[in-house]
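Analysis of the macromolecular model
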Amino acid sequence: YETLVVERRGPVGWLVFDRPEAGNAMDATMLAELERAWADLDADPAVRVIVTTGNGRTFQTGLDVAQLARDPEALREQSRRTKRAELRLTAWHNQVWKPVIAAVNGVCAGGGLHFVADADIVVLASDATLLDPHVSIGQVSAYETIALVRKSPMEAILRMALVGRHERITAERALQLGIGSQVVDPPERLRDEVQALAETIARNSPAAMAATKRALWGALEAGLTDACKAGTAELVGMWGHPDQTEGPAAFAEKRDAAWEALA
């Protein structure tokens, strides 16, 4: 990888944006590498949880418009994917059903909000900020904020989108709004705290977590009855899985469970 750091620390896979000199913005190379990175982490049976974060002082600042303007073919391809709703940026876009944590270490702006909106868990450094400058440069805010209003109060997200670059949501405000579930202070502790959280999550059944994630994300796209029916299918689909025997046995024997690798 040229624009990402992809590595495993125990059961935790880290996908780190690595263009700090450009605010970790997504250039043509990163756009191509993201899809491959998600596939690599998803295919590694030793990776049970995935964390996204950024090197340097920013988390992710969206598309590198200046670089893409110099690469017309890459810009056309990204435009085609946007028009067809076929983005390949996040775990959700790439149908990755392992748990994903966004460790927001600084500024998250514009298209960077994809990685916050599409994460299962969001942990923010105390100095992290979120903003959406789309309308300030004559662009429409859609994908990222549409996903956020399914998880957070609509007015707060609309305010961020409509005020544009003139206002930022602080880490504490993001916590109040339910955009994140934890704020880490001091900021330097962020990666250690998230690693510990991810290791705790990784102790659970990979198959059960994947089924749970599919059921809950599916609920955002369906009515209550249909969501419950789809959730039931995931629940019943686990019946007979070896983890359903191993889990109670490990609990009774006071030992860590030996879970099956995620297929």
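Before reading further, recall that the structure is shown in the block above.
What you see is a predicted model; the values in this text were computed from it and never measured.

Considering helix H8 (residues 190–201)
In a regular helix each residue adds 1.5 Å, so 12 residues correspond to 16 Å; H8 covers 17 Å between its end C-alpha atoms and thus fits that length. Buried within H8 are the following residues: Leu 190, Val 194, Gln 195, Ala 198 and Ile 201. Viewed along the axis of H8, the buried residues span an arc of 125°, placing them on a single side of the element.

What to know about the nonpolar core
Of all hydrophobic cores here, the largest spans 44 residues; its most connected members are Leu 34, Val 104, Leu 130 and Ile 179. Listed by contribution, the elements that provide at least two residues to this core are strand S2 (12–17), helix H1 (28–43), strand S5 (100–104), helix H4 (113–117), strand S7 (121–125), helix H5 (143–149), helix H6 (154–163) and helix H7 (171–177). Per-element accounting of this core gives the leading share, seven residues, to H1. Filtering out sequence-adjacent residues up to four positions away, Val 104 remains in contact with Phe 59, Val 116, Val 122, Val 123, Leu 124, Ala 125, Ala 128, Leu 130 and Leu 190.

Considerations on the sheet that holds S7
Sheet architecture is open: six strands sit in the order S1-S2-S3-S5-S7-S10, paired in mixed fashion. For this open sheet the edge positions go to strand S1 (4–9) and strand S10 (182–184), each flanked by a neighbour on one side alone. When strand polarity is set aside, the average angle formed by the axes of neighbouring strands in this sheet is 20°. Along the sheet, H1 contacts S1, S2, strand S3 (49–54) and S5; its crossing angle with S2, the most-contacted strand, is approximately 175°.

Examining the packing of aromatic side chains
All chains considered together, the criterion is met by three aromatic pairs. For the pair Phe 17 and Phe 115, a centre-to-centre distance of 4.9 Å together with 65° between the ring planes defines the contact as edge-to-face. With Phe 17 in strand S2 and Phe 115 in helix H4, this pair connects stretches of sequence that are 98 residues apart. Across this residue pair, the class does not change: Phe 17 and Phe 115 are buried.

Some points on a nonpolar patch on the surface
A surface patch of nonpolar side chains, amounting to about 320 Å² of accessible area, comprises Met 154, Leu 158 and Leu 162. Within the secondary structure, Met 154 is located in helix H6. Residue Met 154 is classed as exposed on the basis of its relative accessible area, which comes to 52%.

Focus: the packing of helix H9 (residues 206–219) against helix H10 (residues 224–237)
For the pair H9 and H10, the least separation of the axes is 9 Å and the interaxial angle reads 170°. Between H9 and H10, the interaxial angle falls into the category roughly antiparallel. Residues Ala 211, Arg 214, Ala 215 and Ala 219 of H9 form the contact with H10, whose participating residues are Ala 227, Gly 231 and Glu 234. Of the residues that constitute the contact of H9 with H10, the class distribution is four nonpolar, one polar and two charged.

As for unusual backbone geometry
Going from Asp 185 to Pro 186, the amide bond is cis rather than trans, its omega being 5°. Mapped onto the elements, Pro 186 comes out in the loop between S10 and H8. Non-glycine residue Lys 254 carries a positive phi angle of around 55°. Tracing the chain through its elements places Lys 254 in the segment after helix H11 (242–252).

With respect to the environment of Trp 259
By the element assignment, Trp 259 lies in the segment after H11. Counting along the chain gives 56 residues from Trp 259 to Arg 203, while the straight-line C-alpha distance between them is 8.6 Å. When residues no more than four places from it in sequence are discounted, the contact partners of Trp 259 are Arg 48, Arg 203, Asn 204, Ser 205, Pro 206, Asp 243 and Gly 247. Side-chain polar atoms of Trp 259 contact the backbone oxygen of Asn 204, separated by 3.4 Å.

Thresholds applied
- Residues numbered from 1 in each chain as written.
- Predicted model: local features only at pLDDT ≥ 70, side-chain atom pairs only at ≥ 80, totals over all residues.
- Heavy atoms only, no water.
- Helix = DSSP H or I, 4+ residues; strand = E, 2+ residues; numbered from the N terminus.
- Expected span 1.5 Å × (residues − 1).
- Buried < 20%, exposed > 50% of the residue type's maximum accessible area, 1.4 Å probe, protein only.
- Arc of directions from axis to C-beta.
- Core = buried A, V, L, I, M, F, W, Y, C linked by side-chain atoms within 4.5 Å.
- Contact = heavy atoms within 4.5 Å.
- Pairing = 2+ DSSP bridges.
- Axes fitted to C-alpha atoms, helices over the stretch in contact; angles between N-to-C directions.
- Phe/Tyr/Trp six-rings, centres within 6.5 Å; stacked < 30°, edge-to-face > 60°.
- Patch = residues over 30% accessible without salt bridge, like charges linked within 9 Å, V, L, I, M, F, W, Y side chains within 5 Å.
- Areas by Shrake-Rupley, 256 points an atom, 1.4 Å probe, with all protein chains shown as cover.
- Salt bridge = Lys/Arg side-chain N within 4 Å of Asp/Glu carboxyl O.
- Parallel < 35°, antiparallel > 145°, perpendicular 65-115°, else oblique.
- Nonpolar A, V, L, I, M, F, W, Y, C, P; charged D, E, K, R; others polar.
- Polar contact = N/O pair within 3.5 Å; in protein donor to acceptor, adjacent residues only side chain to side chain.

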